[in-house]
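Structural characterization, general
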Amino acid sequence: RIICGAEGTLGIVTQATLRCENIPSLPGPLLLCCFDSIDAALTYGKSIAALRPRAVEVVDELVLEVARTDAGWRTIAPMLGSVAGSAAAMLFVELDSDEHDLPRDTPGLLGIHQCASDKECELAWHFRRRAVGLLSAAPGDRRPVPFVEDCGVPPENLPEFIAHFRELLDKH
């Protein structure tokens, strides 16, 4: 068993066995995967878990809607091509090498763009880092409040986790 938490979590660990892996010195290829729904994106994330991606980050429809009105959108939209205006969710997937066989015949997958240069990768990651902050620019009187970040959920459990989490939020 593992104990994980932050910001007030208290626990005592008396013994631990760790499996350490080297941190890669260079970034791997970054793929921007666009989907017609958040559910399709999460299911896809589950299907690529076997590729052992270095990072998988999700951007949902609410963030994309606000992002499309932000000046920073001009830096990422050209990378997404014709699906930039219709994507309802994105996955940022960083892999170890160019040797990958991503599934492409997946329901809801609109397109995949592999960043072609370090500059493209930098622009894409900059957009992703700004994503939650963009929510404060959402139109209207209501403001989303980010209160759950960086959950530790195995990718194969993510679709079910998000569905259950949404149910809890809808109840309250």
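Refer to the preceding data block for the structure.
The following paragraphs examine the structure supplied in this document. (Residues numbered from 1 in each chain as written. Predicted model: local features only at pLDDT ≥ 70, side-chain atom pairs only at ≥ 80, totals over all residues. Heavy atoms only, no water.)

Attention now goes to the packing of helix 3 (residues 73-80) against helix 4 (residues 118-134). Their axes nearest at 9 Å, the elements helix 3 and helix 4 cross at an angle of 120 degrees. Our classification of the angle between helix 3 and helix 4 gives oblique. In the packing of helix 3 onto helix 4, the handedness of the crossing is left-handed. Contacts between helix 3 and helix 4 pair Trp73, Thr75, Ile76 and Met79 from the former with Glu120, Leu123, Ala124 and Phe127 from the latter. (Axes fitted to C-alpha atoms, helices over the stretch in contact; angles between N-to-C directions. Helix = DSSP H or I, 4+ residues; strand = E, 2+ residues; numbered from the N terminus. Parallel < 35°, antiparallel > 145°, perpendicular 65-115°, else oblique. Left-handed = near helix turned anticlockwise from the far one by under 90°. Contact = heavy atoms within 4.5 Å.)

With respect to topology, four strands assemble into an open sheet ordered 2-3-1-4, the strand pairing being antiparallel. Only two strands of the sheet have a single neighbouring strand rather than two, namely strand 2 (55-59) and strand 4 (109-114). Going from strand to strand, the sheet's axes swing by 15 degrees on average, the running direction of each strand aside. As paired strands, strand 1 (residues 30-35) and strand 4 are joined by five bridges and run antiparallel to one another. Counterpart to Leu31 in the pairing with strand 4 is Gln114. Here helix 3 sits on the sheet and contacts strand 1, strand 3 (89-94) and strand 4; the angle it forms with strand 1, its principal contact strand, is near 80 degrees. (Pairing = 2+ DSSP bridges.)

Counting buried residues in strand 1 gives six out of six residues, a clear majority hidden from the surface. Residues Leu30, Leu32 and Cys34 point to one face of strand 1 and Leu31, Cys33 and Phe35 to the other, with burial holding for every one of them. Here strand 1 pairs with strand 3 via six bridges, running antiparallel. The partner of Leu30 across the bridge, within strand 3, is Glu94. (Buried < 20%, exposed > 50% of the residue type's maximum accessible area, 1.4 Å probe, protein only.)

For the structure shown, the criterion picks out five aromatic pairs. Centroid distance Phe92 to Phe127: 6.3 Å. Interplanar angle 20 degrees. Geometry classified as stacked. With Phe92 in strand 3 and Phe127 in helix 4, the pair connects residues that are 35 residues apart, well separated along the chain. In this structure Phe92 comes out as buried when scored by relative accessible area, which is 0%. Residue classification places Phe127 among the buried positions, given a relative accessible area of 3%. With a centroid separation of 6.0 Å and an interplanar angle of 10 degrees, the aromatic rings of Phe161 and Phe165 are classed as stacked. With Phe161 and Phe165 both in helix 5 (residues 158-171), this residue pair falls four residues apart, about one helical turn. Phe161 gets classed as partly exposed once you look at its relative accessible area, which sits at 30%. (Phe/Tyr/Trp six-rings, centres within 6.5 Å; stacked < 30°, edge-to-face > 60°.)

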